[in-house]
Amino acid sequence: ALVVIAGTVFMNEAVRRIPVHYARRIRGNKMYGGNTSYLPLRVNQAGVIPIIFAVSLVLLPSLLGGFLGQLKNPALVGLGRFFTTVFNPDSLSYNLIYFFLVIGFTYFYTAITFNPTKIAGEIQKYGGFIPGIRPGSPTASYLNYILTRITLAGAMFLGILAVFPSLARGLSGVSTLLVGGTGVLIVVSVVLETVKALEAQLVMRNYEEFL
């Protein structure tokens, strides 16, 4: 349990920092820019959304199989048994489909929420550039390349976390595991966001640190 919670916290907070340099600009008698910042790309960019989408789809065939199994048509009853067998939560096929659905939805949701072209345009607009990368389209291609690689790590983490309860039951033989990986991810995310909100409030009140 401690390893799962620690791994969830680590992956939830993991970011890839891309350095961004800003050129110096002189306006009137004042000089702007010249500083160095970084663009944080989260490894788990999609959060818990892919797991929610995947579990919604992977449960539909079993529900359909239960409905078809009550009909009088033998062909439909056989189809219902097939759905019920293949999409049994304890079966290997169910967990494999669930795992790959989570990976697919992670890439899909990340592509919707993060626009490398827009980010590259904003960086260029304010006179910034990534060292060794030309502004504009090459920056967007570089961000897309980095995001694709780190999203693979985040997607694998979410996929393993989604099927972890089945793996734990199969390895330990304990069939009474009530809290799954999805629940742990939601709880950890809520606790981390609450702690960050409290720290922000304390900083606004000039406290040195959060006790």
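Residues numbered from 1 in each chain as written. Predicted model: local features only at pLDDT ≥ 70, side-chain atom pairs only at ≥ 80, totals over all residues. Heavy atoms only, no water.

*Asks:* Would you explain the overall build of the chain in this entry?
*Replies:* Helix and strand content of the chain: seven helices and five strands. Counting all 211 residues of the chain, 31% fall into the buried class. Counting only contacts in the chain whose residues sit at least 6 apart along the sequence, the fraction spanning at least 24 positions is 66%. Accessible area for the chain stands at about 13,700 Å²; split by element, carbon and sulfur atoms hold 66% of it. (Helix = DSSP H or I, 4+ residues; strand = E, 2+ residues; numbered from the N terminus. Buried < 20%, exposed > 50% of the residue type's maximum accessible area, 1.4 Å probe, protein only. Contact = heavy atoms within 4.5 Å. Areas by Shrake-Rupley, 256 points an atom, 1.4 Å probe, with all protein chains shown as cover.)

*Asks:* Before we go on, may I ask you to explain the packing of helix α1 (residues 2-13) against helix α6 (residues 137-172) in this structure?
*Replies:* Two numbers describe a pair of packed helices, the interaxial angle and the distance between the axes. Direction vectors running N to C along α1 and α6 enclose 150°, while the axes themselves pass 11 Å from each other. Overall, the two elements α1 and α6 adopt an arrangement that is roughly antiparallel. Considering how the two elements wind past one another, α1 and α6 form a crossing that is left-handed. Along the contact surface, α1 presents Val4, Gly7, Thr8 and Met11, while α6 presents Ala153, Gly154, Phe157, Leu161 and Phe164. Class assignment of the residues belonging to the contact of α1 with α6 gives a composition of six nonpolar, three polar and no charged. (Axes fitted to C-alpha atoms, helices over the stretch in contact; angles between N-to-C directions. Parallel < 35°, antiparallel > 145°, perpendicular 65-115°, else oblique. Left-handed = near helix turned anticlockwise from the far one by under 90°. Nonpolar A, V, L, I, M, F, W, Y, C, P; charged D, E, K, R; others polar.)

*Asks:* Honestly, the nonpolar core in this entry has me stumped. Any pointers?
*Replies:* As a rule of thumb, soluble globular proteins bury nonpolar side chains together. Residues Ile51, Phe87, Tyr98, Val102, Leu158 and Leu185 are the most contacted members of the largest nonpolar core, which totals 24 residues. Looking at this core, the elements with two or more residues in it are α2 (49-68), α3 (74-86), α4 (92-113) and α6. If we skip the residues at most four places from it in the chain, Leu158 touches Asn44, Gly47, Pro50, Ile51, Val102, Thr106 and Leu185. Counting eleven residues, the second largest nonpolar core, distinct from the first, contains Ile123, Leu143, Ile146 and Leu147. (Core = buried A, V, L, I, M, F, W, Y, C linked by side-chain atoms within 4.5 Å.)

*Asks:* Please clarify how α2 should be interpreted in this entry.
*Replies:* With 20 residues, α2 extends 30 Å between its outermost C-alpha atoms, agreeing within 8% with the 28 Å of an ideal straight helix rising 1.5 Å per residue. Listing the buried residues of α2 in full gives Pro50, Ile51, Ala54, Val58, Pro61, Gly65 and Leu68. (Expected span 1.5 Å × (residues − 1).)

*Asks:* It is not clear to me how the pattern of salt bridges should be interpreted in this structure. Could you clarify?
*Replies:* Two side chains with opposite charge may pair up if their charged atoms get near one another. Taken as a whole and judged by the stated rule, the model has one salt bridge. Between Glu13 and Lys196 there is a salt bridge, with its nearest N and O atoms 3.1 Å apart. Here Glu13 is found in helix α1, whereas its partner Lys196 is found in helix α7 (residues 181-204), with 183 residues between them in sequence. For Glu13, a relative accessible area of 32% puts it in the partly exposed group. (Salt bridge = Lys/Arg side-chain N within 4 Å of Asp/Glu carboxyl O.)

*Asks:* I'm lost on the side chain of Asn12 in this one. Help?
*Replies:* Within the secondary structure, Asn12 sits in helix α1. Of the polar contacts made by the side chain of Asn12, one reaches the side chain of Glu13; its length is 3.4 Å. In this view, Asn12 contacts Arg42, Asn44, Leu185, Ser189 and Leu192; residues no more than four positions away in its chain are not counted. (Polar contact = N/O pair within 3.5 Å; in protein donor to acceptor, adjacent residues only side chain to side chain.)

*Asks:* Would you mind showing me how to read the packing of α4 against α6 here?
*Replies:* Look at α4 against α6: their axes get within 8 Å of each other, and the N-to-C directions meet at 145°. Where α4 crosses over α6, the handedness of that crossing is right-handed. For the pair α4 and α6, contact is made by Asn95, Tyr98, Phe99, Val102, Ile103, Thr106, Tyr107 and Thr110 and by Leu147, Thr148, Thr151, Leu152, Ala155, Met156, Leu158, Gly159, Ile160, Ala162, Val163 and Ser166, respectively. A breakdown of the residues in the contact of α4 with α6 according to their chemical character gives 13 nonpolar, seven polar and no charged.

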